[in-house]
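These are the residues of each chain, in order.
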Amino acid sequence: QVQLVESGGGLVQPGGSLRLSCAASGIIFSLYRMGWSRQAPGKQREFVAAITNGGSTNYADSVRGRFTNSRDNAKNAVYLQMDSLKPDDTAVYYCNGKIGANPSHWGQGTQVTVSS
């Protein structure tokens, strides 16, 4: 069974930092493109960041320079380091994985709330 489990969400003040983790099982992790999306209340889910199996990264303009995506193939895990957080970053963050043209696998999400 394929499973992606996010963790690390929580409440943080503006300007603070948070690191999200996504643990994968049931896949050959090193072959998968991994990424993060987020969904705020009343809004569409939007792309945040992605990382290829080779380690190349891509970021949404809204988070570039503040967020850092990384992966540890030995641990079957992907991470999203979030710095200089803003209230607009408040959302449920979802981990996803994809190989080739197959449909993506999705985690259940973890809540990130940025508020003073």
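Residues numbered from 1 in each chain as written. Predicted model: local features only at pLDDT ≥ 70, side-chain atom pairs only at ≥ 80, totals over all residues. Heavy atoms only, no water.

1. Here's the deal with the state of the cysteines
Between two cysteines, a covalent bond joining their sulfur atoms is known as a disulfide.
Next, step 1: Across all of its chains, the model carries one disulfide by this definition.
Next, step 2: Each sulfur in the disulfide pair C22 and C95 lies 2.0 Å from the other. Across the disulfide from C22 to C95, rotation about the S-S bond amounts to roughly -80°, and the bridge is consequently left-handed. Separated by 73 residues along the polypeptide, C22 in strand 3 (residues 18-25) and C95 in strand 9 (residues 91-98) bring together distant segments of the chain. As far as the burial class goes, C22 and C95 line up, both buried. (Disulfide = S-S within 2.5 Å. Helix = DSSP H or I, 4+ residues; strand = E, 2+ residues; numbered from the N terminus. Buried < 20%, exposed > 50% of the residue type's maximum accessible area, 1.4 Å probe, protein only.)

2. Overview of the side chain of T110
Next, step 1: Mapped onto the secondary structure, T110 falls in strand 11 (residues 110-114).
Next, step 2: When sequence neighbours within four positions are dropped, the list of residues in contact with T110 reads E6, S7, G8, G9, L20, A91, V92 and Y93. (Contact = heavy atoms within 4.5 Å.)

3. A word on the environment of G109
Next, step 1: Relative to the helices and strands, G109 resides in the loop between strand 10 (105-106) and strand 11.
Next, step 2: For G109, a relative accessible area of 24% translates into the label partly exposed.
Next, step 3: Leave out the neighbours within four places in its chain, and G109 touches E6, V92, Y93 and Y94.

4. With respect to the nonpolar core
Next, step 1: Within the largest apolar cluster, 28 residues are counted, with the highest numbers of intra-cluster contacts made by M34, W36, L80, M82 and Y93.
Next, step 2: Counting only elements with at least two residues in this core, the list comes to strand 3, strand 4 (33-39), strand 5 (46-51), strand 8 (77-82), strand 9 and strand 11.
Next, step 3: With four residues, the single largest contributor to this core is strand 3.
Next, step 4: For M34, the residues in contact, after removing those within four places along its chain, are L4, C22, F29, A50, I51, N69, R71, V78, C95, N96 and G97. (Core = buried A, V, L, I, M, F, W, Y, C linked by side-chain atoms within 4.5 Å.)

5. So, the environment of G9
Next, step 1: Among the secondary structure elements, G9 is positioned in the loop between strand 1 (3-7) and strand 2 (10-12).
Next, step 2: For G9, the contacting residues outside a window of four places in its chain are L18, L20, T110, Q111 and V112.

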